[in-house]
Amino acid sequence: IKKGENRLQLALAKVSKDCELLKTNLEAIRKSYDEEKQRGVELTSQLTEMESMLKSERNTHHKARSELEHAHANKVESLETENRALAEECDRVLKEFDKSADTFNKE
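Residues numbered from 1 in each chain as written. Predicted model: local features only at pLDDT ≥ 70, side-chain atom pairs only at ≥ 80, totals over all residues. Heavy atoms only, no water.

*Asks:* Looking at this structure, how should I read the overall build of the protein chain?
*Replies:* The number of helices and strands found in the protein chain is one helix and zero strands. Scaling as 2.2 N^0.38, a compact globule of 107 residues should have a C-alpha radius of gyration of about 13 Å, whereas the protein chain reaches 45 Å, well beyond that. Oriented by its inertia axes, the alpha-carbon framework of the protein chain measures out at about 155 × 15 × 10 Å. Burial analysis of the protein chain (107 residues in total) assigns 0% to the buried set. Only carbon and sulfur atoms are counted for the fraction: they give 58% of the accessible area of the protein chain, which is about 10600 Å². The averaged location of the 23 negative side-chain charges in the protein chain is 17 Å from the averaged location of its 20 positive side-chain charges. (Helix = DSSP H or I, 4+ residues; strand = E, 2+ residues; numbered from the N terminus. Rg over C-alpha atoms; globule rule 2.2 N^0.38 Å. Buried < 20%, exposed > 50% of the residue type's maximum accessible area, 1.4 Å probe, protein only. Areas by Shrake-Rupley, 256 points an atom, 1.4 Å probe, with all protein chains shown as cover. Lys, Arg positive; Asp, Glu negative; His and termini not counted. Charge placed at Lys NZ, Arg CZ, Asp CG, Glu CD.)

*Asks:* Which parts of the structure should I look at to understand the environment of Ile-29?
*Replies:* The topology assignment puts Ile-29 in helix H1 (residues 2–106). Taking C-alpha positions, Ile-29 is 26 Å from Ala-11, a pair spaced 18 residues apart along the chain.

*Asks:* When you look at the pattern of salt bridges in this model, what are you seeing that I'm missing?
*Replies:* Pairing between side chains of opposite charge can happen when their charged atoms approach one another. If you walk through the whole model with that rule in mind, you get five salt bridges. Residue Lys-14 is joined to Asp-18 by a salt bridge in which the shortest nitrogen-to-oxygen separation is 3.3 Å. Taken as a pair, Lys-14 and Asp-18 lie in helix H1 at a separation of four residues, close to a single helical turn. A residue is classified by how much of its surface remains accessible, and Asp-18, at 34% relative accessible area, is partly exposed. A salt bridge links Arg-92 to Glu-89, with the shortest nitrogen-to-oxygen separation between them at 2.5 Å. With a gap of three residues between them, Arg-92 and Glu-89 both fall in helix H1, about one helical turn apart. (Salt bridge = Lys/Arg side-chain N within 4 Å of Asp/Glu carboxyl O.)

Worth remembering: the numbers are spatial, not functional.
Okay, structure coming up:
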């Protein structure tokens, strides 16, 4: 009976030691899991912030491009109007020149 008790006590001590080791490992795993979970939260937050910045930059780019296209269209229209006015002025001057030449030739 004494031998059996000793064996049981040794087995119980070994099981107790194994349980402590498992408990220590479990605590380390929990700590590592919590750290990784926190890192995941931080990365998700950074990603959300970057997505927001990207969306803002896209909107700014779109607005600037739209404004540039509008300004270009206005400039083209202005130049076309100026070109038509110059063409009309050239036609008028040429007609006056032709009249002057006709008058000169008649004299």
